[in-house]
Amino acid sequence: MKNLMLKKIKTIAFFLLIGSAVVAQKSRDKVLLKIDKEKVYASEFERLFGKNKNLKIQGEAPSIEDDVQLFVDYKLKLIEAEELQMDTVSSYIEEVARYRNQLVLPYLNDDSLVDSLVLEAYERTLREVRASHILIRVDKNATDTVAAYEKITAIRQSIIDGADFDAVAKEKSEDPSAKNNAGDLGYFSAFRMVYPFESAAFNTPKGEVSEVFRTQFGYHFLKVVDVRESMGEMEVAHIMIRDTTAPGTSTINKVYKELVSGASFEELAKKYSDDKRSSVNGGKLNRFGVGSLPPPFGEISFALTPENKYSEPFKTAYGWHIVKYLNHYPVSSFEDAKEELLQKTKKDSRSKTLSNPVVLRLKKEYTIEINEAAKKEFENPSFVVVDSLNAWLIKIQQDTLTQKDFSNYIMNRRDKTAMQNFNPYLDQEILEYYKVHLEETDVEFKNLFQEYKNGLLLFDLMKEKIWDAAQNDSIGLQEFYTSHKTNYIKPESFKTVVVSTKITEQVEALKELVSDSDSISMVTRVVANKEGVLIKSGSFEKTNGIFPENVNLVVGETNVYQQDGYSVIIKVFAKEEAIQQEFDDIKGKVISDFQNKIQENWLASLRAKHKVKVYKRTVKKLASEMEIYSE
């Protein structure tokens, strides 16, 4: 189930990433291709692939020919899904409705007020607040919260009366981390906390305690410890040694000595860093703010400069690190940051505060009529709507609401009179009309919603035709494994120790020590404390980057190689022969490969089923006009 949900998210995310493709075709739009008699226009392809640098494979130039074929497959799948009437299945219709309700939320915001929130967010990005908090948990759906509110109010009053905040946080806070950090959340800026928490932090002066406020986690109050100018974002590379025992400590210290002696940081990261995701790129990490990574990683990184570009070894919860300065990005100007902040604001919970202003705008735009006589009847508390006398009450554009509709609304709102409920009801129905007809008035929403629908439809199609087909065809799966056994051979590997040094005078002695050692642990023990010597051990395939080119790996032999100024001493203690992996051990990979094969055959059948014509002249013109293909 978890894997299936992940596939659904990826399927939908793909279409959101590449952007909306449903556009009104203009007469001057060139036909890019035909599928049977259906024309497909260049503008649709351009919207799908025109701004998709995120979809480019690193190291490969984008190919419009490949993308056109991908586009053809996409269109063929949609045609197939519609021919199978998968868009009429009740589960699909219900899920589309749920997604639509989520998608519509950001569109309920008044642009001018969104702009004010964007400006507020920008002003907050200029500062970083360090705050400590105390939390009393309350379920986000709870309505009776009096006890929790009284409890946290009393705790806050004890702080106001002079109790030590840290001590009280450790004792009373229901945030589990408070036992260790006394509620200290470190420095943070806009969008790092939920909006009510962020607002409380930025609206409370330094050294003071906020009022009690509620978030989805419960009731809080906080103390602002410090406020400083934003430090922006850093881009660094790092070398990480996960082992924090004596051997790991020795390794990180030796790597650091090699680094300050002039060794390449990138090569050391590739060889010795245990963070395999970054080591292949010389240890490079994505940009981050000061509070984004576990302490003290951020603080140490932000202290680096172009002149002081390497940190000394330091420890986090993940192990030892050495960090290299790559770049510092100060906070952008408002104009440069505005678009990104706008998107963040629309997705953030702060946008939910702006529904009512939208109604005010719609009241000016819509034709709205109120039957005052029908409304006045509700002033009588004993008034009951009779079906035969059910008068119209409100008209919003083309929609008509009756006395019965309003009566149903107030049925469960007996805490207020009918007249007190009328304006909230009117506002709700105006907003509901806007939501229902949003595709007619907002092209951006129309396009985005269509992409969600396409993504869900293709997920259902792929699930039926590919993923479930592979999972449920146990005989076919076994046959696929049997006929492709050579693809599932684990290459031979070598249990090896690799000792590197730049000190020429040590090489012969080190080679003798390594050669005479009976085990890797013996080599580690003997070599660990030697200055200027790095050691790495484990079971490696011959193609592993730790080995020099043209390495000769023979069990029992110790050899010396020269690589990038290092003498590299390698001893092989054992060899694991290449083995045929059994089906049960690699079933997941076999299923994945089987799915790919089924999809390949299925797409071929779709292409055979339909006549596809691609207009090469239009492809060529697009390639010259689209930035992604001309870079």
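Note that the structure is predicted; figures quoted are calculated from it, not measured.

As a further point, take the pattern of salt bridges. Taken as a whole and judged by the stated rule, the model has 30 salt bridges. When the shortest N-O distance is used, the salt bridge between Glu 198 and Arg 124 registers 2.7 Å. Of this pair, Glu 198 sits in helix α9 (residues 195-203) while Arg 124 sits in helix α5 (residues 111-125); the two residues are 74 residues apart in sequence, bridging distant segments of the chain. As far as the burial class goes, Glu 198 and Arg 124 line up, both buried. Of the charged contacts in the structure, one is a salt bridge between Glu 432 and Lys 435, with a shortest N-O distance of 3.7 Å. One end of the pair, Glu 432, and the other, Lys 435, are both in helix α18 (residues 418-436), three residues apart, so they sit about a helical turn from each other. Among the charged side chains, a salt-bridge network with shared partners connects Glu 80, Glu 83 and Lys 609.

Turning to helix α17 (residues 403-410), a few remarks are in order. Considered for burial, the residues of α17 that qualify are Gln 403, Phe 406, Ser 407, Tyr 409 and Ile 410. Taken around the axis of α17, the buried residues stretch over an arc of 155 degrees, which confines them to a single face. Where α17 is buried, its residues contact α16 (372-376), β11 (392-396), β12 (399-402) and α18.

Turning next to the packing of helix α6 (residues 146-160) against helix α7 (residues 165-172). For the pair α6 and α7, interaxial distance at closest approach is 10 Å and the crossing angle is 160 degrees. Looking at the two axes, α6 sits roughly antiparallel to α7. Helix-helix and strand crossings are classified by hand; for α6 and α7 the assignment is right-handed. Of α7, the residues touching α6 (which contributes Ile 155, Ser 158 and Ile 159) are Phe 165, Val 168 and Lys 172. Broken down by class, the residue content of the contact of α6 with α7 amounts to four nonpolar, one polar and one charged.

It is at 10 Å that the axes of helix α3 (residues 64-83) and helix α20 (residues 443-472) come closest, and there the two elements cross at 75 degrees. Between α3 and α20, the angle is such that the two are roughly perpendicular. Here Tyr 74, Lys 77, Leu 78, Glu 80, Ala 81 and Glu 82 of α3 come into contact with α20, specifically with Glu 451, Asn 454, Leu 457, Leu 458, Leu 461 and Met 462. Within the contact of α3 with α20, the residues separate by chemical class into seven nonpolar, one polar and four charged.

Moving on, we get to the sheet that holds β12. If you trace the three strands from one edge of the open sheet to the other, you get β10-β11-β12, paired in antiparallel fashion. The sheet terminates laterally at β10 (368-370) and β12, the two strands that pair on one side only. Direction aside, neighbouring strands of the sheet carry axes that sit 20 degrees apart on average. Pairing analysis gives four bridges linking β11 to β12, with the strands arranged antiparallel. Bridged to Ile 396 within β12 is Asp 399. Here α18 sits on the sheet and contacts β10, β11 and β12; the angle it forms with β11, its principal contact strand, is near 40 degrees.

Over its 15 residues, helix α10 (residues 246-260) extends 21 Å from the first C-alpha to the last, a length consistent with the 21 Å expected when each residue adds 1.5 Å. Turning to α10, its buried residues are Gly 248, Ser 250, Thr 251, Ile 252, Lys 254, Val 255, Glu 258 and Leu 259. Those residues of α10 that are buried are in contact with β7 (233-241), α11 (265-272), β9 (319-329), α23 (520-527), β15 (533-541) and β17 (566-576). Note on α10: the residue one or two positions beyond its end, Gly 262, has a positive phi of about 110 degrees.

Moving on, we come to unusual backbone geometry. Note that the residue after Pro 295, namely Pro 296, is joined by a cis bond; omega there is 0 degrees. In this fold, Pro 296 is placed in the loop between α12 (276-279) and α13 (297-302). A positive phi is found at Ala 182, a non-glycine position, where the angle reads about 55 degrees. The residue Ala 182 is located in the loop between α8 (178-181) and β4 (184-188) in this model. We classify Ala 182 as buried; its relative accessible area is 5%. Phi is positive for Asn 550, which is not a glycine, with a value near 60 degrees. Locating Asn 550 in the fold gives a position in the loop between β15 and β16 (558-563).

Bringing the packing of aromatic side chains into the picture now. Taken as a whole, this structure holds 27 aromatic pairs when the rule is applied. Centre to centre, the rings of Phe 406 and Phe 422 are 5.6 Å apart; their planes meet at 80 degrees, and the pair counts as edge-to-face. Of the two residues, Phe 406 sits in helix α17 while Phe 422 sits in helix α18, which places them 16 residues apart along the sequence. Under the relative-accessibility criterion, Phe 422 is labelled buried at 1%. A network of ring pairs unites the aromatic residues Phe 378, Phe 383, Phe 406, Tyr 409, Phe 422 and Tyr 425 as a single cluster. Positioned above the aromatic ring of Phe 449 is the side chain of Arg 100, whose terminal nitrogen or guanidinium carbon lies 5.7 Å from the ring centre. When the ring centre of Tyr 187 is taken as origin, the NZ or CZ atom of Arg 228, which lies over that ring, is 3.6 Å away.

This part takes up the sheet that holds strand β19 (residues 612-614). In spatial order, the strands read β2-β1-β19; together these three strands make up an open sheet with antiparallel pairing. The open sheet has two edge strands with one neighbour each: β2 (38-41) and β19. Each neighbouring strand pair of the sheet contributes to a mean axis angle of 20 degrees, computed without reference to strand direction. The pairing of strand β1 (residues 31-35) with β19 spans three bridges and is antiparallel. For Leu 33, the partnering residue across the bridge sits in β19 and is Val 614. Across the sheet, helix α25 (residues 616-625) lies against β1 and β19, angled at about 140 degrees from β1, the strand it touches most.

So, on to the confidence of the model for the chain. A low pLDDT means the predicted coordinates there should not be read in detail. Overall, the prediction assigns the chain a mean pLDDT of 88, with 92% of residues at 70 or greater. Across residues 12-27, where pLDDT falls below 50, the model places 39 contacts with residues more than four positions away in sequence or in other chains.

Note on placement: Thr 125 falls in helix α5. Classification of Thr 125 as buried rests on a relative accessible area of 17%. Here the side chain of Thr 125 touches Tyr 122 through a polar contact of 2.5 Å, landing on its backbone oxygen.

On to the nonpolar core, then. Of all hydrophobic cores here, the largest spans 78 residues; its most connected members are Leu 32, Phe 45, Phe 71, Ile 394, Phe 406, Tyr 434 and Val 590. For this core, the element with the most residues is α20, which contributes 12 residues. Here Phe 71 is in contact with Leu 32, Leu 33, Val 40, Glu 44, Phe 45, Leu 48 and Phe 49, once residues within four sequence places are set aside. Within the second largest apolar cluster, 26 residues are counted, among which are Ala 269, Phe 494, Tyr 566 and Val 572.

Its place among the elements puts Met 193 in the loop between β4 and α9. Each C-alpha atom, one on Met 193 and one on Phe 594, is 44 Å from the other, the two residues being 401 residues apart in sequence. Beyond its immediate chain neighbours, meaning those up to four positions away, Met 193 contacts Leu 185, Phe 188 and Glu 198.

About the cut-offs
- Residues numbered from 1 in each chain as written.
- Predicted model: local features only at pLDDT ≥ 70, side-chain atom pairs only at ≥ 80, totals over all residues.
- Heavy atoms only, no water.
- Salt bridge = Lys/Arg side-chain N within 4 Å of Asp/Glu carboxyl O.
- Helix = DSSP H or I, 4+ residues; strand = E, 2+ residues; numbered from the N terminus.
- Buried < 20%, exposed > 50% of the residue type's maximum accessible area, 1.4 Å probe, protein only.
- Arc of directions from axis to C-beta.
- Contact = heavy atoms within 4.5 Å.
- Axes fitted to C-alpha atoms, helices over the stretch in contact; angles between N-to-C directions.
- Parallel < 35°, antiparallel > 145°, perpendicular 65-115°, else oblique.
- Left-handed = near helix turned anticlockwise from the far one by under 90°.
- Nonpolar A, V, L, I, M, F, W, Y, C, P; charged D, E, K, R; others polar.
- Pairing = 2+ DSSP bridges.
- Expected span 1.5 Å × (residues − 1).
- Phe/Tyr/Trp six-rings, centres within 6.5 Å; stacked < 30°, edge-to-face > 60°.
- Lys NZ or Arg CZ within 6 Å of the ring centre and 35° of its normal.
- pLDDT = per-residue confidence, 0-100.
- Polar contact = N/O pair within 3.5 Å; in protein donor to acceptor, adjacent residues only side chain to side chain.
- Core = buried A, V, L, I, M, F, W, Y, C linked by side-chain atoms within 4.5 Å.

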